[in-house]
Amino acid sequence: MEPTTEVVTARPAPALAGFIDHYLGYRMTGYAPGVHRGLPSRHLTFIVAIGPTIDVVAQTDPGQRPQDYRCVVSGLQASAATIAHRGDQEGVAIALTPLGARTLFGLPAGELWNLSLEFADVAGPIGDELWERLQGPAPWPRRFAVCDQMLTALARPGRLVTPELTWAWRKVVDSGGTVGIGALAADIGWSRQHLARRFGTEFGLSPKLAARVTRFERARRMIAHTPSFVTIAQVAATCGYYDQAHLDRDFAELAGCSPTTWLAEEVPTRDPNTALIE
């Protein structure tokens, strides 16, 4: 059977805007069983499996044991997880920003840094209910509506990240990871050390590493979606790298492979954890 991929995206309900950037429904059939990399991103990993579970065979933290998940929630990370699949995959990926962790879960994203959990372990019974209601055949709009309903019920709008850190996070993301950390601190009126301490406690990583992950994510999406005549060196320049060697280094450290290896191994499967939407 010829492999097929179906991908559908949608924006969340207005009450969730600013906390969730989008929903992404995916269905992949006919692929050979294998593994793929779950890569660092500006979003927390939040995926509801439909059918087979999500089998994480190597966590980003080597101290966390492998586990399979019905609905996985992971904090920000600076290395790749390894996920095994049986060939057919289906689910809904929820692009949750670190700003939304407090609102939805009542805790800072920093408490989930480099950690993967079953959603029910974070949210209680509503985590099981979300998984149950998304099982079985259904049109994507109905599935997205279930996500809207369940997550809006979970959200507490009064639980917000402080204005200074909200602004800092959005500045890092909006700049594509090219903002200077000194300028960021100066604009807020904090010292670099105070910004790094507060930022790290809230999000789990330093502003410098957040900028690095954001720049890396932009580069890998561009590599996946630009024509073959656009070179990796050109992508590196566009994304603010000093040269291709610096981009190659980030891929080696954050993805565990070179850009060309990632492109050959991951993009043909259209894995939802890699590069489907900007």
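It should be noted that the structure appears before, not after, this text.
Quantities reported herein were computed from a predicted structural model and do not represent experimental measurements.

Give me the overall build of the protein: which residues, what numbers.
Of regular secondary structure, the protein possesses 11 helices and 10 strands. Relative to the globule expectation of 19 Å for 278 residues, the C-alpha radius of gyration of the protein, 18 Å, shows essentially globular dimensions. Counting only C-alpha atoms and orienting by the principal axes, one finds that the protein spans roughly 50 × 50 × 35 Å. When the 278 residues of the protein are sorted by exposure, 51% land in the buried category. At a minimum sequence separation of 6, the contacts of the protein that also span at least 24 residues come to 74%. When the 26 basic and 28 acidic side-chain charges of the protein are each reduced to a single mean position, those positions are 5 Å apart.

Describe the pairing of strand β4 (residues 45–49), and please don't skip the residues or the numbers.
Along β4, four of the five residues are buried, which leaves the element largely enclosed by surrounding structure. As defined by bridge partners, β4 adjoins strand β7 (residues 71–74) across four bridges and the pair is classed as antiparallel. Across the sheet, the residue bridging to Ile47 is Val72, located in β7. Pairing geometry for β4 and strand β9 (residues 89–96), over three bridges, is antiparallel. Paired with Ile47 across the two strands is Ala93, which belongs to β9.

Break down the packing of helix α5 (residues 163–174) against helix α7 (residues 192–203) for me, citing the residues and quoting the values.
Axis separation between α5 and α7 bottoms out at 11 Å; the angle between their running directions is 85°. Taken together, the axes of α5 and α7 are roughly perpendicular relative to one another. For the pair formed by α5 and α7, the contact residues are Leu165, Ala168 and Trp169 on the first element and Leu195, Arg198, Phe199, Glu202 and Phe203 on the second. Considering only residue class, the contact of α5 with α7 consists of six nonpolar, no polar and two charged.

Requested: an account of α7, with residues and values cited.
The terminal C-alpha atoms of α7, which comprises 12 residues, lie 16 Å apart, in line with the 16 Å expected from a rise of 1.5 Å per residue. When we look at burial in α7, the residues that qualify are Leu195, Phe199, Glu202 and Phe203. End-on, the buried residues of α7 take up no more than an arc of 75°, which puts them together on one face. Facing away from the buried side of α7, by more than 90 degrees, are the exposed residues Gln193, Arg197 and Thr201.

Would you mind going over the packing of aromatic side chains in detail, with residue names and values included?
Enumeration over the complete set of coordinates arrives at 10 aromatic pairs. Between Trp169 and Phe203, the ring centres sit 5.0 Å apart and the planes meet at 45°, which makes this aromatic pair tilted. With Trp169 in helix α5 and Phe203 in helix α7, this pair connects stretches of sequence that are 34 residues apart. Comparing Trp169 with Phe203 shows no difference in burial state: the two are buried. Centre to centre, the rings of Phe216 and Phe251 are 4.9 Å apart; their planes meet at 65°, and the pair counts as edge-to-face. One end of the pair, Phe216, is in helix α8 (residues 207–225); the other, Phe251, is in helix α10 (residues 244–255), and 35 residues separate them in sequence. An identical accessibility class is assigned to Phe216 and Phe251; each is buried. In textbook terms, an aromatic cluster arises when at least three aromatic residues are bridged by ring pairs, as seen for Tyr23, Trp140 and Phe144.

Calculation notes
- Residues numbered from 1 in each chain as written.
- Predicted model: local features only at pLDDT ≥ 70, side-chain atom pairs only at ≥ 80, totals over all residues.
- Heavy atoms only, no water.
- Helix = DSSP H or I, 4+ residues; strand = E, 2+ residues; numbered from the N terminus.
- Rg over C-alpha atoms; globule rule 2.2 N^0.38 Å.
- Buried < 20%, exposed > 50% of the residue type's maximum accessible area, 1.4 Å probe, protein only.
- Contact = heavy atoms within 4.5 Å.
- Lys, Arg positive; Asp, Glu negative; His and termini not counted.
- Charge placed at Lys NZ, Arg CZ, Asp CG, Glu CD.
- Pairing = 2+ DSSP bridges.
- Axes fitted to C-alpha atoms, helices over the stretch in contact; angles between N-to-C directions.
- Parallel < 35°, antiparallel > 145°, perpendicular 65-115°, else oblique.
- Nonpolar A, V, L, I, M, F, W, Y, C, P; charged D, E, K, R; others polar.
- Expected span 1.5 Å × (residues − 1).
- Arc of directions from axis to C-beta.
- Phe/Tyr/Trp six-rings, centres within 6.5 Å; stacked < 30°, edge-to-face > 60°.

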